[in-house]
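Structural overview
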Amino acid sequence: MRLSTILNFCILVFFTLLFVNDFFPDTTIAALLTKKIILILLIALVIVQIVTDKGRYKKLSKKAYVALTLYTVGLWIVLILLGGESQIGLSFNSPIFYIILLLLGLDLLRIYRQGKSEQAEEKIK
């Protein structure tokens, strides 16, 4: 397994822990790993990822972008449905929730259309 794959997985795990910590601050995980510790580890992992992939930068694929977007929104919704309350104000009652969903939906629609136009151009060639 490549180092970048392991780093990406760890970044996703710590990102998830940060979300869980925000929605459920009174859990054992939140007591062991505070938001500050998780953020420091997350930043360190991102820096290590950037340094180790120096010169080999790859643009995030459309499938990976869509998957990460759906994962983040899905995690957000699941944590709300589990009864968690965000400390920073992310909830179904918040207008920012619907603004973010609208923007993400429009961005995903843009990516979908861009992919369709690229497929049509490849068929023409």
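With 20 residues, helix α4 (residues 62-81) should cover 28 Å at 1.5 Å per step; its first-to-last C-alpha distance of 28 Å lies within 8% of that length. If you follow the buried residues of α4, they end up packed against α1 (3-23) and α5 (95-124). Positive phi appears at G83, one or two residues downstream of α4, with a value of about 100°.

This part is about the confidence of the model for the chain. Summary statistics for the chain give a mean pLDDT of 81 and a share of 93% for residues scoring 70 or more. No element of the chain has a lower mean pLDDT than α5, which averages 80, and none a higher one than α1, which averages 86.

Together, I99, L102, L103, L106, L109 and Y112 make up an exposed nonpolar region whose accessible area comes to about 610 Å². Summarising the element assignment, L103 is placed in helix α5.

Its 21 residues place the ends of α1 30 Å apart at the C-alpha level, agreeing with the 30 Å of an ideal helix rising 1.5 Å per residue. Of all the residues in α1, the buried ones are S4, L7, I11, F14, T16, L17, L18, F19, N21, D22 and F23. In the core, the buried residues of α1 are packed alongside α2 (28-32), α3 (35-52) and α4.

By the definition in use, this model includes two salt bridges. D22 is the partner of K35 in a salt bridge, and the nearest nitrogen-oxygen pair spans 3.4 Å. Here D22 lies in helix α1 and K35 lies in helix α3, a separation of 13 residues in the sequence. Since its relative accessible area comes to 7%, D22 is described here as buried. Residues R110 and D107 are paired through a salt bridge, measuring 2.7 Å at the closest nitrogen-oxygen approach. Within this pair, R110 and its partner D107 are both found in helix α5, separated by three residues, close to a single helical turn. According to the relative accessible area criterion, R110 is partly exposed, its value standing at 43%. On the basis of relative accessible area, D107 is assigned to the buried category, the value being 17%.

Calculation rules
Residues numbered from 1 in each chain as written. Predicted model: local features only at pLDDT ≥ 70, side-chain atom pairs only at ≥ 80, totals over all residues. Heavy atoms only, no water. Helix = DSSP H or I, 4+ residues; strand = E, 2+ residues; numbered from the N terminus. Expected span 1.5 Å × (residues − 1). Contact = heavy atoms within 4.5 Å. pLDDT = per-residue confidence, 0-100. Patch = residues over 30% accessible without salt bridge, like charges linked within 9 Å, V, L, I, M, F, W, Y side chains within 5 Å. Areas by Shrake-Rupley, 256 points an atom, 1.4 Å probe, with all protein chains shown as cover. Salt bridge = Lys/Arg side-chain N within 4 Å of Asp/Glu carboxyl O. Buried < 20%, exposed > 50% of the residue type's maximum accessible area, 1.4 Å probe, protein only.

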